[in-house]
Amino acid sequence: MRILEIVLLLLVTILPFVKRPVLKTIKKKPLIIGVLFIFVLHLILEGWRWQMILTYSLLGFIIWRLSMANEQSSIKLTLKRGIGYFILVVLLIPSWVLPNVLPVFNLPTPTGSYGVGTHIIHLKTAMDEPITKDDTDKREFVVKVWYPTSNTNASQQEPYLDEVNRTSFITKYGGGILPASTMDYLDRVETHVYRDAEIADSTFPVLVFSHGYGSNASGYYALLTEIASHGYIIINMNHTYESLGVTFPDGSVKLFDYEFQASDGADAMQYITPIQEAFATEIPYEERHKILREASTDYNVTHMVKRWAKDMSYVIDQLEAWNRQGFLKNRLDLEKIGVFGHSRGGGAAGQVALKDERIKAAANIDGVQWGEMMDTIYPKPFLYISADWPAAHPDINAHVYKHKSTDYFYKCKLLTAGHPNFMDIPFMIPVPSLAQTGTIDAKLGIGITNELVISFFNKHLKMDPTSDPTTVSDAYKLLEMSVFKKGIAIP
């Protein structure tokens, strides 16, 4: 919450109960002027928002009561006053809850030596579109490029989430009842990102990032802005029909396809149930490994991960042309390509890293690695970060990453973190029980994640001898790490 919002809430909470004693020392006219001054200052400096409407109404009522008050009136509690105080307390509860649950939040300020710009690229492919019912449809998607810049013109600062992502967010979490304007308060969030700013004059390693399933593809400002500020160009995927939504340059909108989700996952339980049972019973590791391998072969999420990996490889196919002409001309270091992702996107990053030799390093942020990794081994450095899942949660990746890598493999756990702690969700909804986040502080959690990812790619893409992911683990008690080289644990 913002400072003047807190002041207004304190005024409407405290003033009604101390109004008469206060009026014995302060004349009501200067008191009313002072309260109005704070209100106007809030409107000018912070701006109004709907979450504060009840507070504004209470403030107006309190100002009216102040104007009608008699400084010499009795302070004795009467039945009428008691009922009034009770109603006030009831109204104060949502007055405090709404701006706290949906705050104008502060994203972390990037710590790298660069500012961050963004640019949108529309890609039309010749690949068949497997999600729509029209057999003639071809796959197309929009990617968002995050990149280093030295030009941070405030007038170009990007608003937090575009209209389609705000609308689809409300549809998903608001049951379709609330209007899109419910999210307009996000205009007041400072993103530290500048749309179409000039790219810094250098070449940079390229990272392809894949989002979580059914999430806001651009809902990773805290993660991607920080990494880009340290000298990386990030291609932010938006897997059409499987992100919450995307707007194409012609103004058309493609939202998450709930109908496809239902049909695609109709038989999912026949694959999931054997896996759940395999973890619920005491059986040898190798026996469970066999069950997981068989169950995951035709599981719909396995096909999804492969589909997303294909999208990511298609983007990598475009890098040479982008480096020859256009917005990214001469800015891409094509010898240093990495991939990473969160949740399903983390699984897709792991899958494409297994198949695409152009990728030099990869990271999976709390994603289950469905696909072909279970029976093979990575030929490149790999970073795996997990949330602090409960003991009863099936550790499928313990089987998937059995053979690890012929190079470095980092297995990490962010203690007290939940699955959404790697997104912007804990900033947007800072109530763990609602956001399903862990108890870790939001900025600390994303800060540790950023340091770890940057250190990993600095070492294994930039080949920076001063970077070492183990130093991040040493610095934070909340980060557990095991390091392997050629499948052998390093003490």
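Things to note about the nonpolar core
If you look at the biggest cluster of nonpolar residues, it comprises 60 residues, and the most contacted ones within it are I234, F340 and F457. In terms of residues, this core owes the most to one element, helix α15 (residues 442-460), which gives eight residues. Ignoring any residue separated from it by four or fewer positions in sequence, one finds F457 in contact with L207, Y232, G338, V339, F340, A361, A362, A363 and K462. Formed by 59 residues, the second largest nonpolar core is a distinct cluster that contains I235, M237, A268 and W322.

So, empty space enclosed by the protein
The full count for this structure, using the stated rule, is one cavity of 30 Å³ or more. In this structure, the largest cavity is lined by L107, P108, P110, T191, Y221, A222, T225 and E226. Across the lining of the largest cavity, the residue classes break down as five nonpolar, two polar and one charged.

Things to note about the packing of helix α2 (residues 28-45) against helix α3 (residues 53-68)
It is at 9 Å that the axes of α2 and α3 come closest, and there the two elements cross at 165°. Compared by their axis directions, α2 and α3 come out roughly antiparallel. Crossing angle aside, the handedness with which α2 passes α3 is left-handed. Taken together, the residues of α3 that come into contact with α2 (itself represented by K28, L31, I32, V35, L36, F39 and H42) are Y56, L59, I63, L66, S67 and M68. Here the contact of α2 with α3 is built from residues that sort into 10 nonpolar, two polar and one charged.

Some thoughts on the layout of surface pockets
Of the volumes computed, that of the second largest pocket is approximately 430 Å³. If you trace the second largest pocket, you find 15 residues lining it, with K19, F61, R65, G84 and Y85 closest to the centre. Going through the elements one at a time, α1 (3-23), α3 and α4 (79-101) are the ones with two or more residues in the lining of the second largest pocket. Considering every element that reaches the lining of the second largest pocket, the biggest residue donor is α4, with seven residues. Looking at the lining of the second largest pocket residue by residue, the classes come out as eight nonpolar, two polar and five charged.

About the criteria used
- Residues numbered from 1 in each chain as written.
- Predicted model: local features only at pLDDT ≥ 70, side-chain atom pairs only at ≥ 80, totals over all residues.
- Heavy atoms only, no water.
- Core = buried A, V, L, I, M, F, W, Y, C linked by side-chain atoms within 4.5 Å.
- Buried < 20%, exposed > 50% of the residue type's maximum accessible area, 1.4 Å probe, protein only.
- Helix = DSSP H or I, 4+ residues; strand = E, 2+ residues; numbered from the N terminus.
- Contact = heavy atoms within 4.5 Å.
- 1 Å grid on protein atoms, 1.4 Å probe; cavity = no way out; pocket = protein on both sides within 12 Å on 5 of 7 lines; lining within 4 Å.
- Points joined across faces, edges and corners; volume = space filled by probe spheres on them.
- Nonpolar A, V, L, I, M, F, W, Y, C, P; charged D, E, K, R; others polar.
- Axes fitted to C-alpha atoms, helices over the stretch in contact; angles between N-to-C directions.
- Parallel < 35°, antiparallel > 145°, perpendicular 65-115°, else oblique.
- Left-handed = near helix turned anticlockwise from the far one by under 90°.

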